[in-house]
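Commentary on secondary and tertiary structure
In case you want the letters, here they are:
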Amino acid sequence: MLIEFARRKLLLVSAIGFALALSADVHAQKRTGARATGRSQVAGIASTSSYDDLLALFRYWREFQKPKVTDGVPDYTVAAMAAQKKELPSFQQRLAAINPNGWSIPQQVDYQILRAEMNGLDFDHRVLQPWVKNPAFYSMLFLSQSDQPAREGPVISTAIEAWKYKYPLTRPDAVELASQIGTIPKVLAQAKVNLTGNARDLWIAGAVSMAEQSETLSTFAKRVAGADPQLDDAISRAKDATDQFHTWLVSRSNIKRGPSGIGVENYNWYLKNVQLVPYTWQDEVTLMWRELSRAHASLKLAEERNRNLPALVPVANAADHDNKFNAGVTEYMKYLQDNNVMTVRDYMDPALRAKIGKFNPGEREFFSEVDARDRMIMLTHDYHWFDLARLEKEPPSSPVRQVPLLYNIFDTRTEGFATGWEEMMLNHGMFDQHPHANELIYILVAERAARALGDLMMHSNQMTHEQAVEFASDWTPRGWLRVNGNTDWHEQHLYLQQPAYGTSYIIGKVMFDQVIAERARQLGDQFTLKRFMDEFNAVGMIPASLVRWELTGNKDPILGATRPTS
């Protein structure tokens with residue numbers, strides 16, 4: 001209740017502040033007339049050219065975007081969502097009433113971020129409707145940290161990030177977790193009413209997600225057993241509710257017959273207006289097939305080149321795993337420092353070592369197959385942990401970028417750059433002393449392109465979830481992406497829930513090739529990788545098209561006019 005009271009108070013304060021700002025605009029116009037500099041009328045709302053007004057709107061928007069919470073339970077009911085949908089246009093009109101012409105490029109970029117986020121909520125209401133179609137949306141308990149600024153895919157607003165707590169739990173933390181986990185039965189009871197959708201693949205995969213939540217609760221129960229009786233009881237009740245919800249989902253799966261993909265037209269709208277990607281669905285299909293073919297062809301050439309080299313031997317035990325991981329981090333950080341790749345911060349090395357993971361003696365998943373042979377390769381993709389540490393230690397100056405962007409619209413920057421960084425470091429020379437490194441990187445490219453085609457084909461409804469899993473497995477070299485493994489199934493499920501996430505790895509990589517090329521042409525002999533990387537890191541985790549605008553001054557046409565002209 002205290003949390004909800006604070007949220008409502010903040011919303012009220014923000015609303016009053018913004019209303020006063022708008023009122024001041026109206027009175028100013030009455031005094032000076034419509035010709036007042038930087039002010040006009042948009043849909044009856046007083047216009048402003050103040051960046052501070054954008055920041056005020058951003059704060060108000062972020063509170064509005066969240067569902068109302070009562071006793072810890074977010075309200076995704078039909079009535080609540082209808083009310084939010086009805087009020088959304090007023091926020092879009094208020095944004096349109098802000099005129100960013102004449103602002104600095106970074107400030108105009110912030111305007112575009114806010115526009116994309118509002119489009120994201122609009123798309124949720126018109127198309128995705130995860131609270132109606134997607135049972136996995138109601139998964140709540142997460143024991144490990146995502147490597148992204150915010151958890152991937154549509155996620156309920158009251159998700160429990162249990163990894164944030166220190167273990168063994170203190171009594172106050174145990175009580176707090178008991179309160180959060182205690183809401184799960186109420187959330188699932190509401191979900192039974194909300195979930196009226198007919199999307200078959202989302203429904204079936206959502207049932208699996210709930211079975212996994214049951215397992216997660218069992219694992220967590222063992223981890224915290226005895227910390228507090230309230231927590232033990234809350235976990236037990238949550239598990240019972242989850243099991244009953246899973247049974248309910250399974251019992252209704254046979255009557256679900258509808259498609260789960262959003263269709264090409266919606267996909268194109270989403271790419272342009274939410275992801276801020278300058279490609280269409282068909283463009284991306286072409287690009288993915290090109291990358292998939294390039295990866296397979298390059299792999300064959302690399303294999304022939306390396307045919308006389310000793311085969312890579314996977315790590316054999318926990319000690320071998322830990323030694324190679326730590327040695328890999330040491331070598332990686334030394335290379336970045338010695339070769340002036342970027343400014344190396346003190347927090348970067350610990351950020352990687354904190355994610356050492358554990359040796360798994362069982363059957364390996366796809367990325368474990370790469371890791372087990374050469375840990376240096378995936379350290380490049382672990383740029384994510386540099387990003388997250390930088391966000392904490394050196395946050396961007398813009399308040400808009402100090403918090404994770406909504407709807408995963410950071411993915412072309414985070415996933416796209418991390419994917420591109422793998423091959424960039426190969427070309428830079430970091431793997432010159434690593435036999436077979438080129439093979440491993442082309443296998444990674446092939447896997448990303450294959451699963452991206454699954455994303456595209458699922459949303460055009462040309463493939464089912466199961467077919468996308470089989471396609472990605474079939475087109476990933478060496479059988480490392482097992483069709484019966486967790487990685488393949490979960491990746492395609494994520495992409496079915498979150499359009500364009502599966503394509504962001506390759507599309508972001510393509511877009512950053514363009515950014516580097518343009519910046520190098522601008523700087524000529526003054527271009528260095530270190531200068532580029534320092535500029536790049538300072539921008540923050542924003543869509544690749546906006547990174548390009550800030551670094552090069554080149555604004556993509558998809559960003560269009562910033563406000564109505566009439």
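Because the structure is predicted, anything quoted here is derived from the model rather than measured.

**Observations concerning the overall build of the protein**
- When helices and strands are tallied, the protein shows 23 helices and 6 strands.
- Over its C-alpha trace the protein gives a radius of gyration of 25 Å, about what one expects of a compact globule, namely 24 Å for 566 residues.
- The buried share of the protein, reckoned over its 566 residues, is 55%.
- The long-range fraction of contacts in the protein, counting pairs at least 24 apart against all pairs at least 6 apart in sequence, stands at 78%.
- Of the roughly 24,600 Å² of accessible surface on the protein, a fraction of 53% belongs to carbon and sulfur atoms.

**A word on the pattern of salt bridges**
- Counted under the stated rule, the structure contains 37 salt bridges.
- For lysine 239, the salt bridge goes to aspartate 243, with nearest N and O atoms at 2.9 Å. A residue pair is termed a helical-turn pair when its members lie 3 or 4 positions apart in one helix, as lysine 239 and aspartate 243 do in helix α9 (residues 229-252) at 4 residues.
- By relative accessible area, lysine 239 is classed as partly exposed at 25%.
- Where arginine 531 meets glutamate 535, a salt bridge forms, and the shortest distance between an N and an O atom there is 3.4 Å. In this pair, arginine 531 and glutamate 535 are both assigned in helix α22 (residues 529-539), 4 residues apart and thus about one turn of the helix distant.

**Some points on the side chain of threonine 503**
- For threonine 503, the position within the fold is in helix α21 (residues 501-523).
- A distance of 3.2 Å separates polar atoms of two side chains, one belonging to threonine 503 and the other to glutamate 284.
- Non-local contacts of threonine 503, meaning those with residues more than four positions away in its chain, are made with Tyr267, Glu284, Met288, Ala452, Asp455 and Leu456.

**Points about the environment of serine 260**
- Within the fold, serine 260 resides in the loop between α9 and α10 (264-273).
- Note on serine 260: relative accessible area 11%, which makes it buried.
- Once the C-alpha coordinates of serine 260 and leucine 336 are considered, the two residues, 76 residues apart in sequence, prove to be 44 Å apart.
- At 3.2 Å, the side chain of serine 260 forms a polar contact with the backbone nitrogen of aspartate 201.
- At a separation of 3.1 Å, a polar atom in the side chain of serine 260 contacts the main-chain amide nitrogen of leucine 202.

**Observations concerning the nonpolar core**
- If you look at the biggest cluster of nonpolar residues, it comprises 123 residues, and the most contacted ones within it are Trp61, Tyr332 and Trp421.
- Of the residues forming this core, the biggest block, 15 residues, is contributed by helix α18 (residues 437-459).
- Apart from the residues lying within four places of it in its own chain, the contact partners of tyrosine 332 are Leu352, Met376, Leu379, Thr380, Tyr383, Phe386, Trp421 and Met430.
- Within the second largest apolar cluster, 40 residues are counted, among which are Phe137, Met140, Ala234 and Phe245.

Thresholds applied
- Residues numbered from 1 in each chain as written.
- Predicted model: local features only at pLDDT ≥ 70, side-chain atom pairs only at ≥ 80, totals over all residues.
- Heavy atoms only, no water.
- Helix = DSSP H or I, 4+ residues; strand = E, 2+ residues; numbered from the N terminus.
- Rg over C-alpha atoms; globule rule 2.2 N^0.38 Å.
- Buried < 20%, exposed > 50% of the residue type's maximum accessible area, 1.4 Å probe, protein only.
- Contact = heavy atoms within 4.5 Å.
- Areas by Shrake-Rupley, 256 points an atom, 1.4 Å probe, with all protein chains shown as cover.
- Salt bridge = Lys/Arg side-chain N within 4 Å of Asp/Glu carboxyl O.
- Polar contact = N/O pair within 3.5 Å; in protein donor to acceptor, adjacent residues only side chain to side chain.
- Core = buried A, V, L, I, M, F, W, Y, C linked by side-chain atoms within 4.5 Å.

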